[in-house]
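Listed here are the chains, written in short residue letters.
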Amino acid sequence: MAILTRPARTDRRPVEPAGAPPAAPRSSSPTTVLAAALLAFFVISLDGSVVNVALPAISHSLGGSMADLQWIVDGYTLMFAAFMLSAGTFSDRIGASRAYAWGLASFTVASLACGIAPNLGTLIGARMVQGGAAALMVPASLALIRQTYTDPGKRARAIAIWTAAGSVAVAVGPVIGGMLTSGLSWRAVFYLNLPVGALGLALLTRITPSPRRSAPVDLVGQLSVVASLAGLTYAVIEGGRAGWTSVDVLGTLALAAVAIAVFVVTQSRREQPMVPLSIFKNRTVLVCLAAGFTINAVFYGAIFLLGMYFQQVRGASPVSTGAMFIPMCALISIVNMAGVKLAARKGAWVPMTIGQLVMTAGSLLMLTVTSSTAYWIPVLLLVPIGLGGGFAVPSLTAAILENVDGERAGTAAAVLNTFRQVGSCIAVAAFGALIADTSHFKQGMDTSFVISVVMLLATAVATAVFLPRLTNRPAENANTKA
C-alpha cells in the first residue's frame, strides 16, 4: 500500500490589496467543490463522445475528406494534450479555482464558436480553442479534489465519482449527439455545452479561491510540446492520405523528434521545470502513464471506428449509431466504483490488470465483425471495451496521485491526462488513416484492433509485474517518489 503524501496547504488566503475591505466569507464545502469538478470532466467527456457521432453530418454540411474529419476530433485532443502540461503548472501558479474558471469560460465561448462555424477551417480552429480550455479544467478540477479531500479514502471515492461523471457523459453523449444531429443539426451538439458551462461558473462563485504556488512559465517547453504533438499527429493523419514516405510526413516526423529532444533538454536544465523529469523515475508513475495512454487509445479509437462503421458501412442513422453505444457505456459508472472497492482490498494493480485484459478480449473479438454481421454482435462486443476501461481508470488515477508529493498534484494530474489525450489523438489519427480507403475498410478496422490487442497485452503485463511489488513495499515506493 502506497505511503500517503502530505496534503497541499489550503489555509493560505489570496493577498488582498492594501486598504481593501475584507472579502465576504464564501461557502466552500466538499460537496460544492466536487460538484464543480464533476461538471468540468462531464462537459469535456460529453464533447468528445457527442462529436464522434456527428462527424458524417458535419462532412455532409461543410464537406471535407476523412483527414478533415480526423482534424475535427484531433484538433481538440491535440491542444488538450499539448497544453495539459503547462496547465498543471498554471493551475498551481494562479490557484486551481481560478484556472478552472478561466478554462470553463473559454470552453463555453469556444463551444458557441463551433456551433456557428461557417466552414471546416473555422470549426477546426474553434475546436482547438476548446481543447486548450479543456486542458486548463482537468488538472485544476483534480487539484481541487486533492486539496479539499485530505483523507485518502474519501479522496479515492471523490476521484471515483469524478471519473464516473465522465463515464456518464460518454454513455449519454452518443445518444444525445445522435438525437440532436438528426432532430435539429450537428450545430446543436456544441450548443449543448452552453448551459453546462453556465452552471459550472455559478458553482464557482461559492468556492473559496485556491492558494497560489510560485511556478515559473516555461515558454520553450510549452512550444516544444505543441510542436512535437502537432508534428506527430499531422504525420500520422497525412500518412494515410499522402503516403508514409512522402516529404511532408517524413519532415513533420523529424520536426516532432527534434521538438521532443528540445523538451527533454530544457526540462533537465531548468531549476523549476514545467515537468520534473524525476517523476518518470517512479515505476508506478511510468506504468500508469503507459496504461492511461493505451486505455484511451483503445477506447476512443473503438468509438471512432465503430461510429464510422455503423454510418458509412452499414448506413445507420446518427440516432441509431448513438444507440449502438448505450450498452458499452451504460455500465461504466457502476464498474468505476467496483474497481475502487477492489483496489482498496487488493491494490490498484488488480482492477487495472483485469480491466486491460477485458478490453483485450473485446478488441480481439472485434476481428470477427464484417459488413454483413448482425448489428447486435458489434454492439455486444463493444461492452467489454467500455467495462474494462471503466474498471481500470479510477484506480489508475488514484495510484498516480498517491505517488507524488501533494504540491505536485496539479502537475501529476496534467502529465497523466496528457498521456491519455495523446493516446486518443494518435489512435484517431492512426485508425482513421487505416480506414481512409473505404474499399478496404474491413482490413483497416482489423489492423486497428490488432494494434489495440498488442498494446493492451503489453501494458497489462507491465501492470501485473511491476505494480504489485511497489504497492506491497511502501519503503521502496517512498524512495522513488518524485
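What you see is a predicted model, and the numbers here were worked out from it, not measured in a lab. (Residues numbered from 1 in each chain as written. Predicted model: local features only at pLDDT ≥ 70, side-chain atom pairs only at ≥ 80, totals over all residues. Heavy atoms only, no water.)

> Account for the overall build of the protein chain, naming residues and giving values.
Of regular secondary structure, the protein chain possesses 18 helices and zero strands. Contacts spanning at least 24 positions in sequence make up 85% of the contacts within the protein chain whose residues lie at least 6 apart. For the protein chain, the accessible area works out to roughly 18,400 Å², and carbon and sulfur atoms hold 68% of it. (Helix = DSSP H or I, 4+ residues; strand = E, 2+ residues; numbered from the N terminus. Contact = heavy atoms within 4.5 Å. Areas by Shrake-Rupley, 256 points an atom, 1.4 Å probe, with all protein chains shown as cover.)

> Could you give an account of the packing of aromatic side chains, naming the residues involved and the relevant values?
In the structure shown here, the tally under the stated rule is five aromatic pairs. Seen in terms of ring centroids, Trp 186 and Phe 190 are 6.2 Å apart; in terms of plane orientation they differ by 90°. Their pairing is edge-to-face. In terms of burial, Trp 186 and Phe 190 fall into one category: buried. When the ring of Phe 299 is compared with that of Tyr 300, the centres are 5.0 Å apart and the planes differ by 85°; the resulting orientation is edge-to-face. (Phe/Tyr/Trp six-rings, centres within 6.5 Å; stacked < 30°, edge-to-face > 60°. Buried < 20%, exposed > 50% of the residue type's maximum accessible area, 1.4 Å probe, protein only.)

> How would you explain the pattern of salt bridges if you had to name every residue and give the values?
This structure, assessed with the given rule, holds one salt bridge. Here Asp 446 ties to Lys 442 by a salt bridge, and the two come within 3.0 Å at their closest N and O atoms. Taken together, the positions of Asp 446 and Lys 442, both in helix α17 (residues 441-471) and four residues apart, correspond to about one turn of that helix. A residue is classified by how much of its surface remains accessible, and Asp 446, at 17% relative accessible area, is buried. Overall, Lys 442 belongs to the partly exposed group, its relative accessible area being 31%. (Salt bridge = Lys/Arg side-chain N within 4 Å of Asp/Glu carboxyl O.)

> Any details on a nonpolar patch on the surface? Residues and values, ideally.
Residues Leu 112, Ile 116 and Tyr 191 make up a contiguous nonpolar surface patch of about 270 Å² in total accessible area. Among the secondary structure elements, Ile 116 is positioned in the loop between α3 (96-115) and α4 (120-148). According to the relative accessible area criterion, Ile 116 is exposed, its value standing at 55%. (Patch = residues over 30% accessible without salt bridge, like charges linked within 9 Å, V, L, I, M, F, W, Y side chains within 5 Å.)

> Account for helix α1 (residues 30-62), with residues named and values stated.
A rise of 1.5 Å per residue sets the reference length of α1, with its 33 residues, at 48 Å; its end C-alpha atoms lie 45 Å apart and thus fit the reference within 8%. By the largest-angle criterion, Ala 54 marks the main kink of α1, which is about 50°, and a proline, Pro 56, follows within four residues. Burial of α1 is extensive: 24 of the 33 residues sit out of reach of the surface. Taken from the residues just after α1, Gly 63 is the one with a positive phi, measuring 80°. (Expected span 1.5 Å × (residues − 1). Bend = angle between axes of the 7 residues up to and from the residue.)

> Summarise the environment of Met 137; cite the residues concerned and give the values.
Locating Met 137 in the fold gives a position in helix α4. Note on Met 137: relative accessible area 0%, which makes it buried. Between the C-alpha atoms of Met 137 and Gly 103, which are 34 residues apart in sequence, the distance is 5.3 Å. Those residues in contact with Met 137, other than ones at most four positions away along the chain, are Ala 40, Val 43, Ile 44, Tyr 100, Gly 103, Leu 104 and Phe 107.

> Describe the packing of α1 against helix α10 (residues 283-313), listing the residues and the values that go with them.
Between α1 and α10, the shortest axis-to-axis distance is 9 Å and the interhelical angle comes to 40°. In terms of crossing hand, the pair formed by α1 and α10 is right-handed. Between α1 and α10, the contacting residues are Asn 52, Val 53, Leu 55 and Pro 56 on the first element and Ile 303, Phe 304 and Gln 311 on the second. Residues belonging to the contact of α1 with α10 are distributed by class as follows: five nonpolar, two polar and no charged. (Axes fitted to C-alpha atoms, helices over the stretch in contact; angles between N-to-C directions. Left-handed = near helix turned anticlockwise from the far one by under 90°. Nonpolar A, V, L, I, M, F, W, Y, C, P; charged D, E, K, R; others polar.)

> Kindly report on the nonpolar core, identifying the contributing residues and their values.
Ile 72, Phe 299, Leu 306, Leu 382 and Ile 385 are the most contacted members of the largest nonpolar core, which has 132 residues in total. The element best represented in this core is α10, accounting for 18 residues. (Core = buried A, V, L, I, M, F, W, Y, C linked by side-chain atoms within 4.5 Å.)

> Please set out the confidence of the model for the protein chain residue by residue, giving values where relevant.
On average, the protein chain scores 76 in pLDDT, and the residues at 70 or more come to 83%. In the model, residues 1-27 has pLDDT below 50 throughout and makes 50 contacts with residues more than four positions away in sequence or in other chains. With pLDDT under 50 throughout, residues 469-482 is counted as low confidence; its partners more than four residues away or in other chains account for 31 contacts. (pLDDT = per-residue confidence, 0-100.)

> Residues and numbers for helix α15 (residues 376-402), please.
Taking 1.5 Å as the rise per residue, α15 with 27 residues should run 39 Å; its terminal C-alpha atoms sit 41 Å apart, in good agreement. At Val 393, α15 shows its largest bend, some 25°, and a proline, Pro 394, comes one to four positions later. Where burial is concerned, most of α15 is hidden: 23 out of the 27 residues are buried.

> Can you tell me about the environment of Val 220, naming the residues and giving the values?
By secondary structure assignment, the location of Val 220 is in helix α8 (residues 219-242). Its relative accessible area of 46% is what places Val 220 among the partly exposed residues. Spatially, the C-alpha atoms of Val 220 and Thr 266 are 7.6 Å apart, while their sequence positions differ by 46 residues. Residue contacts for Val 220: discarding those within four places in its chain leaves Val 262 and Thr 266.

> Got a sec to walk through the environment of Val 265? Specific residues and values, please.
Residue position: Val 265 is located in helix α9 (residues 247-269). Each C-alpha atom, one on Val 265 and one on Gly 221, is 9.3 Å from the other, the two residues being 44 residues apart in sequence.

> Account for the side chain of Thr 294, with residues named and values stated.
Within the secondary structure, Thr 294 is located in helix α10. A relative accessible area of 4% means that Thr 294 is categorised as buried. Each residue touching Thr 294, except ones within four places of it in the same chain, is listed here: Met 455, Leu 456 and Thr 459.

> Which residues make up the packing of α3 against α4, and what are the values?
The contact between α3 and α4 brings their axes to 7 Å, and the two run at 155°. When the axis of α3 is compared with that of α4, the two are roughly antiparallel. The crossing of α3 and α4 is left-handed. Tallied by class, the residues present in the contact of α3 with α4 amount to 19 nonpolar, seven polar and one charged. (Parallel < 35°, antiparallel > 145°, perpendicular 65-115°, else oblique.)

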